[in-house]
Structures are given as structure tokens and as C-alpha cells.
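# Per-entry structural report
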Amino acid sequence: MALPVFAPGLRRATLQAAPRFFVCNQCLRQIPSPPRLASRIVNVIQRQSSAAARPASPLGSMADRLSSRSASVSQAQQLAQGVPPRTNPKSVAYWLIGSAASVFGIVVWGGLTRLTESGLSITEWRPVTGSLPPMSQADWESEFEKYRASPEFKLLNPHMTLDEFKKIYFMEWAHRVWGRFIGISFVLPTVYLIARRRVTTKMAFNLLGISALIGFQGVIGWWMVKSGLKDDLFAPGSHPRVSQYRLTAHLSTAFVCYSWMLLTGLSILRTHRFLADPKAAMSTIQALKNPALTVFRRSAFAVTSLVFVTIMSGALVAGLDAGLIYNEFPKMGLGFTPPSSELWSRFYCRKEDGSDLWWRNVLENPSTVQLDHRILAVSTFCAILSLFAYSRTGRVAAALPKSAKKGATGLVHLVCMQVALGISTLIYMVPVPLAAAHQAGSLAVLTGALILAHRLKVPRPTVRRIEQRIKQLKL
């Protein structure tokens, strides 16, 4: 009964079946066999080579597409064979710039931790178990008891309650947890990228160097905090604080780490942009080789170094609380400088012959440290304005690329804002919001100087990569 229902389907299946089910073997031997897979591949390659030998068609962009496609195929083959690629992927650049932004944030948060006197609230360094705050009342009492034994509690906060302690504790705890997050979010991807050979050999060394610097930064951070848990910086009973030397080392390491991440990420993006249009890239590189830009380029690098030195002098000011004295500008007391007897006081000498008088006053005397920072800040401001004026004059203005001109203009805007923040912070006796903004502004000025210097120089490996790309397109 069911046969009439399935009959149409059986007829269709019979028509679509292969002929060899209904032909004898003798007839099948006389039919030519289809080409095998290897012969098909040879035919495809011959057709492609013959098509490449034909004259160019109106679709000229087809050659570029084919070359880029073959380049991606060759790169995939290199990855499959375990050979490092010749160009780093854009995702690595975005990850590096994101990590630099995270370092920017933790620098600002670290400034807030110092300004709110929260940095010495956690008296132990537990990289693993310290990732969690106290979970019970007994744990809080234990942490508070450890803080009571510190010089900061005895001299500054003898009347602090447990609820007030929790506020400063969470400030320092968040700073430490943020630092651990930066380390994990950088080290683990670094291990993956190097193990899977997703980055170039040079980039692998860069990532390993940054990872080591992040770990070293954590060690320096605890080394700095440890200096504030004892009261022997100058004299018994002095204001409890961390060593200004260790604070400067901690901040400088963070700035170097940030700069390293930022410049590495920007270099990857610029390489991809140059390889997308190698002819325009070569014209930009040739413009940067103009002899008229030699002095400007060196001046930009010198300004970047001057910005960094000025920031480090500001770290000494912060470590000595030197911003709480001489809260006027441009004068310092009755004149533009304090008396020489105050600037070169023998109080800071530790040798009887006074041989350490000069450098100890420069690094440990709050009055001298603030004067040095003022001189460096004004010098940096004038140097950036002079660099901007030089970029708009004569041969330099004609030869300077548009991106470098924009970088010089942006740097002027940033340094003007930073000077306004610095003077306001000094006049209003270091309020927390202004002081934190001033520290963020210092990193912003350094960023502007780094970007300008980055736009003025193209590394030789990048130039050789572009030249190879042009040769591939010509072939």
C-alpha cells in the first residue's frame, strides 16, 4: 500500500544516481577518468600565471588585492611553521595603548593616595593574600592595630577611629590591586603572544622588558612604603613620610613604563598605516630627512628630556612636602629666591667637613627643591614656546609635516594648562583636586612631547619594511 507513495521519490533518486550503477564495467573503462586533485591544482596555477602575464586591465587595484592576499597567506604559513611574523598585528597596538591608559590612571590614583595620607595605611606587603580586604571585624581590628604602631598614627592621627581608617585603607588597597591588575593583564598576554609567535622578535623583547619593569615597579612601591614606617629621615619626631628618593624612583619607573607602552603601540599603528600606502609613507620619510629639520628634531628630543627631569624634580617637591612653603608666585618670600643661608643650610649635611652641602641641599632642602622645580618648570615652558615658534619659521615651516605641526601646537596647549595648574596648586596650598590634576597634567605634557618626538623620527627597520613593500608592489 505504501509503494505508490514512495514511487515518485524513487524515480527522482534513480535519475540523480551516478551512471556507474547502471553501466557495465567494460563501458566504464572506455570513459576518460576525471583529473586528479594534483592535476587540478597545477591547472589552477597555470591559469593564474597566464592571467598574470596578460596586460593590465582597467581594474588596476586587483593586483594590489592579490598581493595583499598572498602576503596574508604567506604570513599564515609562517605562523603555521612557528616563524615570527614580520609585522605586529594592530590588536597588540590597541592592547599596549590601553595598558598605557591604565598606567596613566594608576599614576593619578597614586597621587591621590599620597595626598590623602593613605599610602602608609597598609603596613605589610602581601602580593597574593593582600588582594582581598579584611572580611570581618576582627580582621579590621588587626589591621588597625598594625597601623597604630606606625609613626604616622602616633604623630598625625592619634585620634583616628576605625571608620576613618577604613577610608584611607581602601585608597591604598585599591592602588595596590590596580597595580596587580596591570601586571596580570600585561604579563599573561605577553606569554601567550610570545609562545604562539604572534609578534616579531624585537616586539617580544619589548614586551618582556615592560613585564620585568612592571614587576620591578611593585618592588619599588613596597620599598617606598617601607621607608615611611620608620621615623629616621631627618630627626626624631619629624613629619612621617616616605623617602623622597624612593618616591621619585617609584614615579620615574611608572613614567618610563607608560612611555614604553605608548611609543611601542604608536609605532605598530604607524607601521600599518605606512604599509597601507607605502608611496605616501616614503614621501613623509623623505620630508623628515630634510636637513632643515635636524635642529628641530634634536630640540624636540631635548625638550622631552627636559620635561621628564622637571617631573622628577616635582616628585622631590611632593616627597618633601615642599609645596606647603612659599605659597606665592613668582616671588618666594621677599624676593625671587630665598636667602642663600636658607638655600645652602648646613642642617642637611651629614659630614663634618660639609662636603655634601651642595647636593644634599639640592635634594633634601625643601626651599632649594622648590626653587629648583620653579626654575625647571619655567625653563620647560619657555623651551616649548620657543620650539613652537621655531616650527613656524622659515625653512622649518615649509619642510615640517602637518602631523608634527599639530603635535607642536598640542604641546603648547598642554604646557600652558600645566603651568596654570602648578601656580594654582602652589597659591592655594596644595588642595587635593588641584594637586592631583597637576600630577595628571605632568604626564599629559610628557605624552605630548613623546608624540611630537615620535612623529619626527622613523626607525630604520620600518623604512626597510616599507622599501620591501614597494618592491613587492612593483613585481
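Note that the structure is a prediction, hence the values are computed from the model and not measured. (Residues numbered from 1 in each chain as written. Predicted model: local features only at pLDDT ≥ 70, side-chain atom pairs only at ≥ 80, totals over all residues. Heavy atoms only, no water.)

Once that is clear, we can look at the packing of aromatic side chains. Counted by the stated rule, this structure contains 15 aromatic pairs. Ring geometry for Trp95 against Phe186: centres 4.6 Å apart, planes inclined by 20 degrees, an arrangement best described as stacked. Here Trp95 is found in helix α5 (residues 90–115), whereas its partner Phe186 is found in helix α8 (residues 162–195), with 91 residues between them in sequence. By the burial criterion, Trp95 is buried, and Phe186 matches it. With centroids separated by 5.1 Å and ring planes inclined at 70 degrees, the aromatic side chains of Trp140 and Tyr169 adopt a geometry described as edge-to-face. On the criterion of sequence distance, the pair formed by Trp140 in helix α6 (residues 137–148) and Tyr169 in helix α8 is long-range, its members being 29 residues apart. When sorted by exposure, Trp140 lands in the same class as Tyr169, which is buried. (Phe/Tyr/Trp six-rings, centres within 6.5 Å; stacked < 30°, edge-to-face > 60°. Helix = DSSP H or I, 4+ residues; strand = E, 2+ residues; numbered from the N terminus. Buried < 20%, exposed > 50% of the residue type's maximum accessible area, 1.4 Å probe, protein only.)

A word on the side chain of Ser442. Here Ser442 lies in helix α18 (residues 432–455). You can call Ser442 buried: its relative accessible area is 10%. Setting aside its immediate chain neighbours within four residues, Ser442 contacts Phe255, Ile311 and Gln418. (Contact = heavy atoms within 4.5 Å.)

Another aspect to go through is the packing of helix α10 (residues 244–276) against helix α12 (residues 294–320). Close contact between α10 and α12 brings their axes to 8 Å; oriented N to C, the two are set at 140 degrees. When you trace α10 past α12, the crossing you get is right-handed. Packed against α10, whose contacting residues are Gln244, Leu247, Thr248, Leu251, Ser252, Phe255 and Val256, the element α12 presents Phe308, Ile311, Met312, Ala315, Leu316, Ala318, Gly319 and Leu320 at the interface. The residue makeup of the contact of α10 with α12, split by class, is 11 nonpolar, four polar and no charged. (Axes fitted to C-alpha atoms, helices over the stretch in contact; angles between N-to-C directions. Left-handed = near helix turned anticlockwise from the far one by under 90°. Nonpolar A, V, L, I, M, F, W, Y, C, P; charged D, E, K, R; others polar.)

What follows is about empty space enclosed by the protein. Taken as a whole, this structure holds one cavity of 30 Å³ or more when the rule is applied. Of the voids in this model, the largest cavity is the one considered here, and its volume is about 60 Å³. Lining the largest cavity we find Ile122, Glu124, Arg126, Gly130, Tyr169, Trp173, Arg176 and Arg180. (1 Å grid on protein atoms, 1.4 Å probe; cavity = no way out; pocket = protein on both sides within 12 Å on 5 of 7 lines; lining within 4 Å. Points joined across faces, edges and corners; volume = space filled by probe spheres on them.)

A few words now on the pattern of salt bridges. Scanning the model with the defined rule gives eight salt bridges in all. A salt bridge links Arg126 to Glu143; the shortest N-O distance between them is 3.6 Å. One end of the pair, Arg126, is in the loop between α5 and α6; the other, Glu143, is in helix α6, with 17 residues separating them in the sequence. Its relative accessible area of 25% is what places Arg126 among the partly exposed residues. Residue Glu143 is classed as buried on the basis of its relative accessible area, which comes to 7%. (Salt bridge = Lys/Arg side-chain N within 4 Å of Asp/Glu carboxyl O.)

Geometrically, the link from Phe329 to Pro330 is a cis peptide bond, its omega value of 5 degrees lying close to zero. With a phi close to 50 degrees, Tyr326 is a non-glycine residue in the positive phi region. Relative to the elements of secondary structure, Tyr326 occurs in the loop between α12 and α13 (340–343).

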